[in-house]
Amino acid sequence: MQVTSRREQRAERHPAIPGPEDISRHVLPNGLVVLIRENHVSPSVVIEGYLPVGSVHEPSSLAGLASFVASMLMRGTETRTFAQINEEIEAVGASLSFGSGRHSTGFSGQCLSEDLELLIDILADVLQHPVFPLEHVERVRGQRLTALQERENDTRQMAGLAFREMAYPEGHPYRLAMTGYPETIRAITREHLVDFYQRLYSPRGGAIAVVGAVDTARVVDLLASKLGRWQPAVEITANSVAPVPPPNEVRRKVIVMPGKSQTDLMLGAPGLARDNPDYHAAVLANTVLGVFGMMGRLGENVRERQGLAYYAYSALEVDKGPGPWVAIAGVAPANVDRAIASIEEEIARMGSELVPEEELADSQAFLTGSLPLRLETNDGVAGAILDMEWYELGLDYLQRYPQLIYSVTSEQIREVVARYLRPDAYALGIAGPEGE
């Protein structure tokens, strides 16, 4: 009775969750999906999208290539220079940016509704006609090498690199950093960038979401006129990755960083893909473990009660493949072993004991209650719509989400933690000063 009451209360308070009633879905002849939700509260428009190409499609010897290509798209087209692209966008107070992930390359832009045609024209030009000017290849290379130098002085990022090397086997794309490494970035040539773009950038499997003060029919016509003639690439981009067996022992890698006063650690294992039936139970388990309130049980016990960490939380990363499920902590070097033991205890407790009903209800209320907040802005709605398309969840997923969360039981949480996180077998990355 209590569960139904909570769900009904949220449905009553937030009746405008996006769904099939107000999301318009169209497929252009070249396979590009267009998703539109009108919102005339303000005269602004958000346009976001993705193409199904990312770091899983790059060779390990050129790690960082997909990200490098995405960074070059706005550096010049056949008809616009880098300066002209930025001048046109800035002249109307708009924005447009690109970025690359493991399985996709995304873009995001914003403008007033009266400038949407201009923004779509530039977006279409950048997507279809980039020229990768050599001068800018070297500029971007320099920026990326500088960023990698900064990473080498960041204990949290280095602990993350060490963790991935322990969690994923040699040759698995999730083992590598999406931003690459100094030697791979130096090895990338302009020819590599052009070849990657020409072979793999394609409207097939891609999607664009437009949310804001627009007329749906006009936007569909506009996108069809600007992007409808973009032909799919010959090469089909398979977007699956190999499954990863769980660790059967503790695999530990320590990166010594002289002069640092803090040690960062990342402890966990490969988790689950987004289409795994365990997903919602894992989301709730992760919320209890290291998200809710003061970063869940990890924050309460490891940091607040025992004082072992500056911060401690958990993170569940899901995608087309098994992303990592990890506990993350920043600690004083003298507390490393005690913090690890404390994290092991919390994982063991969640994998062997039932989460009390009240604690479960709090996390369920947190997850369902925060959903409308994430949908208050046009970019929040656009991101949610694209997620539904990318993971094939159905346009009614957001409306079903509270029911999916409230249907998870304490038994399912215990089982999913025991299945994916073990206190005696995990990958561990540590980065900090010598001696720890």
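Anyway, here's the lowdown on the structure attached to this text. As the structure is a computational prediction, the values presented were derived from the model and not from experiment.

Across a sheet, strands are paired by hydrogen bonds formed along the backbone, either parallel or antiparallel in direction. In spatial order, the strands read β1-β2-β6-β3-β5-β4; together these 6 strands make up an open sheet with mixed pairing. For this open sheet the edge positions go to β1 (24–27) and β4 (95–100), each flanked by a neighbour on one side alone. Strand-to-strand twist across the sheet, computed as the mean angle between neighbouring axes with direction ignored, equals 15°. Both strand β2 (residues 33–38) and strand β6 (residues 207–212) contribute to a ladder of 6 bridges, which runs parallel. Counterpart to arginine 37 in the pairing with β6 is valine 211. Packed onto the sheet, helix α9 (residues 216–227) meets β1, β2 and β6 and runs at close to 150° relative to β2.

This paragraph deals with the pattern of salt bridges. Applying the stated rule across the entire model yields 21 salt bridges. In this structure, arginine 218 and glutamate 117 form a salt bridge, with 3.7 Å as the shortest nitrogen-oxygen distance. With arginine 218 in helix α9 and glutamate 117 in helix α4 (residues 116–128), this residue pair connects regions lying 101 residues apart in the sequence. For arginine 422, the salt bridge goes to aspartate 424, with nearest N and O atoms at 3.1 Å. Each of Arg80, Glu88, Asp121, Asp125 and Lys226 takes part in one network of salt bridges that share partners.

What follows covers the packing of aromatic side chains. In the structure shown here, the tally under the stated rule is 9 aromatic pairs. Ring geometry for phenylalanine 98 against phenylalanine 107: centres 5.8 Å apart, planes inclined by 50°, an arrangement best described as tilted. A single burial state applies to phenylalanine 98 and to phenylalanine 107, both of which are buried. Summarising the aromatic geometry, the rings of phenylalanine 292 and phenylalanine 366 are spaced 5.8 Å apart at their centres and angled 75° between planes, so their arrangement reads as edge-to-face. A residue pair is termed long-range when its members are at least 10 positions apart, and phenylalanine 292 in helix α11 (residues 292–305) and phenylalanine 366 in helix α13 (residues 357–374) qualify at 74 residues. Residue class for phenylalanine 292 comes out partly exposed when judged on its relative accessible area of 31%. Judged by relative accessible area, phenylalanine 366 falls into the partly exposed class, the value being 34%. Within the aromatic cluster, the residues linked to one another by ring pairs are Tyr50, Trp390 and Tyr391. The cationic tip of arginine 75 hangs over the ring face of phenylalanine 82; the distance from NZ or CZ to the ring centre is 4.5 Å. Note that arginine 274 overlies the ring of tyrosine 391, its terminal NZ or CZ placed 5.8 Å from the centroid.

Calculation criteria
Residues numbered from 1 in each chain as written. Predicted model: local features only at pLDDT ≥ 70, side-chain atom pairs only at ≥ 80, totals over all residues. Heavy atoms only, no water. Pairing = 2+ DSSP bridges. Helix = DSSP H or I, 4+ residues; strand = E, 2+ residues; numbered from the N terminus. Axes fitted to C-alpha atoms, helices over the stretch in contact; angles between N-to-C directions. Contact = heavy atoms within 4.5 Å. Salt bridge = Lys/Arg side-chain N within 4 Å of Asp/Glu carboxyl O. Phe/Tyr/Trp six-rings, centres within 6.5 Å; stacked < 30°, edge-to-face > 60°. Buried < 20%, exposed > 50% of the residue type's maximum accessible area, 1.4 Å probe, protein only. Lys NZ or Arg CZ within 6 Å of the ring centre and 35° of its normal.

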